[in-house]
Amino acid sequence: MGKLTLKDLDLQGKCALVRVDFNVPLQLSEKTNCYEVVDDTRIRAALPTIRTITEAGGKAVLLSHLGRPKGQPDPQYSLAPVADYLSGLLGTNLRFSSETIGSVVQKTVRTMPGGSVILLENTRYFPEETKNDPDFAAELAKLGDIFVNDAFGTAHRAHASNVGVANHFSLAAAGHLLENELGQLGNALQSPTPPTVALLGGAKVSDKIGVITNLLEIVDHILIGGAMAYTFLKTKGIPIGNSLVEEDRLGDAQEMLDKAQGKILLPGDHIVSTDLNVPNTSKTVSGSIENGFMGLDIGQETVEMYTQKIMDANTCIWNGPMGVFEIPEFASGTRAMAQAMASTTRKGAVTIIGGGDSVAAIKQSNLHTEVTHVSTGGGAMLQFLEGKSLPGLDALTDHP
Ligand code: AMP
């Protein structure tokens with residue numbers, strides 16, 4: 001990775017300002033009328049870094065954003081419920097500061113004993129955060145002696161709390177989670193054991209052009225599902241009925257198919273319906289889709305073809321659902337891919353899954369512990385798969 005990591009730092013007696021990614025889903029509980037954490041994956045993923053700091057006698061000052069509060073305080077995006085939850089996981093009395101910057105929180109941090117942990121309120125309560133404002137970054141930097149970035153999920157953004165702030169420290173290091181994410185993805189891209197397969201789905205080709213272009217140089221097969229398949233199929237002259245299509249991307253799709261020389265595989269059969277909201281009109285069709293119907297999931301023949309490719313692979317990377325998996329009638333293709341990923345892992349393949357929907361799908365199937373790596377980043381993973389650098393990583397101190 002070429003950057004400092006936690007292992008390179010002497011943490012004893014130090015105050016570590018740690019950028020974590022606690023952008024987790026919250027839900028208002030009817031019972032308590034308080035917001036509660038719905039999915040704790042990202043909170044648990046930060047525990048190794050927090051524990052390394054506190055066990056070495058350092059203090060951990062945690063910074064994160066949550067949701068999109070439009071640059072001002074908004075109770076539905078407060079990190080207070082996350083502080084309660086984290087306190088339970090750590091088994092210590094974690095402090096929460098309703099102030100993110102300023103003299104009060106600076107004093108609290110200075111006077112905390114070694115081994116303490118404090119979580120600061122949402123960095124996006126300040127419009128300066130997403131503008132990477134240098135003054136805001138300088139204020140944040142007053143809260144630590146060293147900086148640790150453990151937020152892979154925001155590593156593709158250049159914001160004040162992960163990029164601007166790092167410039168103020170002579171020691172800015174990657175935490176365990178960031179190091180692990182980059183290690184897993186880096187190995188899969190730089191030295192994969194072939195055959196290597198990428199499974200890509202989701203709504204739009206436009207979001208994945210960079211990824212497909214880069215992966216064509218690396219992998220043996222790219223299996224396409226989701227709505228983006230229909231832009232490719234239309235390019236090939238196959239009737240797709242009323243399926244979602246990006247007309248302005250037909251040229252890009254053609255270019256990728258030309259470059260791919262058979263590496264890109266497309267669905268041959270589909271679960272279609274007249275309307276998303278009328279799943280009881282659904283049926284499976286092979287080849288073309290008639291007018292009045294839209295493709296909403298991959299069909300069984302495609303499931304079998306893709307499963308075979310995944311089972312034959314030694315490295316497999318997945319991002320994006322195969323259909324409208326939020327609706328049970330159109331979830332079977334995505335669920336089958338989750339099964340295939342788990343099965344090929346059991347057989348010895350390295351499997352990596354990222355992106356909110358694919359991760360949600362593998363969790364729904366309760367198979368998330370049966371794959372090699374579930375990434376905490378969607379956009380960051382896609383940017384890495386595009387072969388582009390991540391600003392949150394670039395800002396850290398180079399390893400001497
Ligand atoms: P993305 O954010 O690009 O990963 O896309 C995820 C969204 O794509 C999910 O909400 C899916 O419901 C949607 N999606 C997947 N396949 C289709 C399809 N065939 N038609 C319409 N939407 C789809």
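Along each chain, residues carry numbers from 1 onward, in the same order as the chain's sequence is written. A pLDDT threshold of at least 70 governs which residues receive local features in this predicted model, and a stricter bar of 80 or more applies before side-chain atom pairs are shown or counted, although totals over entire chains, interfaces and linings include all residues. The basis for every side-chain value is the complete set of non-hydrogen atoms in the structure, without hydrogens or water.

> I'd like a rundown of the pattern of salt bridges, residues and numbers included.
It is possible for side chains of opposite charge to pair when their charged atoms get near one another. The salt bridge criterion pairs a side-chain nitrogen of Lys or Arg with a carboxyl oxygen of Asp or Glu, the two atoms within 4 Å. The final tally for this structure, using the stated rule, is twelve salt bridges. Among the ionic pairs, E179 bridges to K7, the shortest N-O distance being 2.9 Å. Within this pair, whereas E179 is found in helix α7 (residues 176–190), its partner K7 is found in the segment before β1 (15–19), the two being separated by 172 residues in sequence. For every residue, the accessible area (1.4 Å probe, protein chains only) is compared with the maximum for its type, and the residue is labelled buried under 20%, exposed over 50%, or partly exposed between those bounds. For K7, a relative accessible area of 59% corresponds to the exposed category. Strands are runs of DSSP state E lasting at least 2 residues, helices are runs of H or I lasting at least 4, and numbering of each runs from the N terminus.

> Tell me about the domain arrangement of the protein, and name the residues and values.
Delimitation of the domains relies on an automatic or database domain assignment. With domains assigned, the protein is organised as domain 1 (6–177) and domain 2 (192–385). Relative placement of domain 1 and domain 2: their C-alpha centres are 35 Å apart. Only heavy atoms matter for contacts: two residues are in contact if any of them lie within 4.5 Å across the pair. Between domain 1 and domain 2, the residue contacts involve nine residues of the former and eight residues of the latter. Buried area: the sum, over both parts, of the accessible surface (1.4 Å probe) that disappears when the two are put together. Three residues, R42, F152 and H156, lead the burial of domain 1 against domain 2; their summed loss comes to 66% of the area buried on that side. In this assembly, domain 1 and domain 2 are joined by one salt bridge. For K363, the salt bridge is made with D39, and the minimal N-O distance between the two is 2.9 Å.

> An account of the sheet that holds strand β14 (residues 294–298) is requested, with residue identities and associated values reported.
Read from one edge of the open sheet, three strands run β13-β12-β14, paired in antiparallel fashion. Two strands close off the open sheet at either side, each with one partner strand: β13 (283–286) and β14. Sheet twist, expressed as the mean angle between neighbouring strand axes with direction ignored, is 45°. Direction of pairing for strand β12 (residues 269–273) relative to β13: antiparallel, over a ladder of four bridges. Looking at the pairing, D269 lines up with S286 of β13. All axes are obtained by fitting lines to C-alpha atoms, using only the stretch in contact for helices, and the reported angles, taken between N-to-C directions, cover 0 to 180 degrees. Here helix α11 (residues 300–312) sits on the sheet and contacts β12, β13 and β14; the angle it forms with β14, its principal contact strand, is near 40°. The strands touched by helix α12 (residues 332–346) are β12 and β14; relative to β14, the strand with the most contacts, the crossing angle is about 20°. Pairing between strands is defined by DSSP: at least two bridges between them are needed.

> Give a description of the site of the ligand that names residues and reports values.
One heavy atom within 4 Å of a molecule or strand is enough for the residue carrying it to be called near that molecule or strand. Looking at the ligand, there are 14 residues lining it, with A203, A227, G295, E326 and D357 nearest. A227 is positioned such that a nitrogen or oxygen atom in its backbone is 3.2 Å from a nitrogen atom of the ligand. Here a polar contact is taken to be a pair of N or O atoms separated by no more than 3.5 Å, where protein atoms must pair a possible hydrogen donor with a possible acceptor and residues adjacent in sequence count only if both atoms sit in side chains. With respect to the ligand, the side chain of E326 contributes an N or O atom lying 2.5 Å from an oxygen atom. Per-residue accessibility takes into account occlusion by the displayed protein chains alone, with areas from the Shrake-Rupley method and a 1.4 Å probe. For the ligand, whose unbound accessible area comes to 510 Å², protein coverage reaches 78%. Any residue that is not Ala, Val, Leu, Ile, Met, Phe, Trp, Tyr, Cys, Pro, Asp, Glu, Lys or Arg is counted as polar, Gly included; the first ten are nonpolar and the last four charged. The residue makeup of the shell around the ligand, split by class, is seven nonpolar, four polar and three charged.

> So what's going on with the sheet that holds strand β17 (residues 373–374)? Residues and values would help.
Strand order in the open sheet formed by six strands is β11-β10-β9-β15-β16-β17, and the pairing between neighbours is parallel. One side of each edge strand has no neighbouring strand; the edge strands of this open sheet are β11 (264–265) and β17. Across four bridges, the pairing between strand β9 (residues 196–200) and strand β10 (residues 221–224) is parallel. Bridging across to β10, L199 finds its partner in L223.

> Go over helix α13 (residues 356–364) with me, naming the residues and quoting the values.
Looking at α13, one finds that the buried residues are S358, V359, A361 and I362. The buried residues of α13 occupy an angular sector of 160° when projected down its axis, which confines them to one face. Seen from the open side of α13, the exposed residues pointing more than 90 degrees away from its buried face are G356 and Q364. Of the surrounding elements, those touching the buried residues of α13 are β15 (315–319), α12, β16 (350–354) and β17. Relevant arc is that of directions from the helix axis to the C-beta atoms, nothing else.

> How would you sum up the packing of aromatic side chains? Please name residues and give values.
To describe a pair of aromatic rings, one takes the distance between the centres and the angle between the planes. Pairing of aromatic rings covers Phe, Tyr and Trp, the last counted by its six-membered ring, and requires centre-to-centre distances within 6.5 Å; plane angles under 30 degrees mean stacked, over 60 mean edge-to-face, and any other angle means tilted. Throughout the structure, instances matching the rule amount to two aromatic pairs. Relative to F169, the ring of F147 has its centre 5.9 Å away and its plane inclined at 25°; by these criteria the two rings are stacked. Of the two residues, F147 is situated in strand β7 (residues 146–149) and F169 in the loop between α6 (160–164) and β8 (172–174); the sequence distance between them amounts to 22 residues. An identical accessibility class is assigned to F147 and F169; each is buried. A cation over a ring is seen here: K283 above F293, with NZ or CZ 4.3 Å from the ring centre. Whether a charge sits over a ring depends on NZ of Lys or CZ of Arg being within 6 Å of the ring centre and within 35 degrees of the ring normal.

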